[in-house]
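# Examination of the molecular architecture
One-letter residues, chain by chain:
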Amino acid sequence: MGDPYGLRRVVRPKGALPQQAEVLDPHLPLGPDELSIEVERLNVDAASFRQLAQEAKGDAQRISTRVAEIVRARGKMHNPVTGSGGMLIGRVVGPEHPAAAELKAGDRIATLVSLTLTPLVLQEIERVQPRAERLDVRGRAILFATGLWARLPEDLPEAVALAVLDVCGAPAWVARLARPGERVLVLGAGKSGSLACAQARRNGAHVTALDYRPDAPRALVHEGLADAAISVDATQPLEVYARAQQAGLYDLVVNCASVPGTEMGSILAARDGGEVLFFSMATSFTAAALGAEGVGKDVRLTIGNGYARGHAELALELVRSTPALQRLFAARVG
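Note that the coordinates shown come from a computational prediction; the quantities given were computed from them, not determined experimentally.

### Quick look at the pairing of strand S13 (residues 270-278)
Pairing geometry for strand S12 (residues 250-255) and S13, over 5 bridges, is parallel. Pairing of Asn255 across the sheet is with Phe278, part of S13. Crossover connection from S12 via helix H8 (residues 263-269) to parallel S13: handedness right-handed. Of the crossover connections in this fold, the one passing from S13 over helix H9 (residues 285-294) to the parallel strand S14 (residues 300-303) is right-handed.

Structural data, given as structure tokens:
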């Protein structure tokens, strides 16, 4: 029988899927439905990298050491504090993954499944790039039969493509939820937030960007990716609510913040009958569900699935057709 979910690589607890597992075994012989990848770069998700950087007090060598410790102990890059990981870029080694008909040895791909379920061995961490939340590495990873991937586009810089693919679920879900004429608030003006703003505007919504850094949302307005900017700490729900009331509560709130404690600000900023999309690895389901109930807020709470059919193509095309996004991503990760 095949093993499309990679269950045989779970060390403990037995019966868990690889993402929920505490430890994976990346050293087992390659299975008939697994793809071996020579890893070149790890793109750590924003919440996880922020936590690692804070723990290491911003020291790149300490970040490198901590990542190596996590991978060695768990057989995958699964941050034990945030529960998140990221994604990778590498070259196909082989052999008989279901994608074998489309890929050949040497092809460069990005995985579109989390590092939290990807068996990984690191030989060396060559460089930590804090601004890009990226690590240049030498290693080997395994992609299961159910694992999603994307061939690296030739018409975009590699660093830009990697950063876009890391958060490509955000604009895909916004494309489904934002409607013409609606008022949309996006919390967080980083990678996923800028894509969410651009997609909401493309859908015909009026978009407000919110970030604690004054320059970040203003830059989105300046580049034509948002209509209005708010500078406020999203972990202060009453401050967010006050600013939202001034402008009018929102039909859709998209939470792309990379810090915990932003659930209630998002919920209070939405109108009754509105919707909040949580596209953040720092989201607490308990805080969101019980918090909304506690303030008597009748809003739909949606957890942003990192996968949506066609998400990679949608996000890459959005960047290709939006020079402002190209400039913002190049400035961030170049």
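### As for the environment of Gly306
Along the chain, Gly306 turns up in the loop between S14 and helix H10 (311-320). Judged by relative accessible area, which is 43%, Gly306 ranks as partly exposed. The sequence separation of Gly306 and Ala161 amounts to 145 residues, and the corresponding C-alpha distance is 16 Å.

### A closer look at helix H3 (residues 158-166)
By the criterion of burial, H3 is predominantly enclosed, with 8 of the 9 residues buried. Burial in H3 covers these residues: Ala159, Val160, Ala161, Leu162, Ala163, Val164, Leu165 and Asp166.

### Some words on the packing of helix H5 (residues 191-202) against helix H11 (residues 323-333)
Two elements in contact, H5 and H11, have axes separated by 11 Å at closest approach and are oriented at 180°. One way to sum up the angle between H5 and H11 is to call them roughly antiparallel. Only Leu325, Phe329 and Arg332 of H11 make contact with H5, whose side of the interface consists of Lys191, Ser194, Leu195 and Ala198. Its residues assigned to classes, the contact of H5 with H11 shows 4 nonpolar, 1 polar and 2 charged.

Conventions adopted
Residues numbered from 1 in each chain as written. Predicted model: local features only at pLDDT ≥ 70, side-chain atom pairs only at ≥ 80, totals over all residues. Heavy atoms only, no water. Pairing = 2+ DSSP bridges. Helix = DSSP H or I, 4+ residues; strand = E, 2+ residues; numbered from the N terminus. Right-handed = clockwise from strand over helix to strand, strands pointing away. Buried < 20%, exposed > 50% of the residue type's maximum accessible area, 1.4 Å probe, protein only. Axes fitted to C-alpha atoms, helices over the stretch in contact; angles between N-to-C directions. Parallel < 35°, antiparallel > 145°, perpendicular 65-115°, else oblique. Contact = heavy atoms within 4.5 Å. Nonpolar A, V, L, I, M, F, W, Y, C, P; charged D, E, K, R; others polar.

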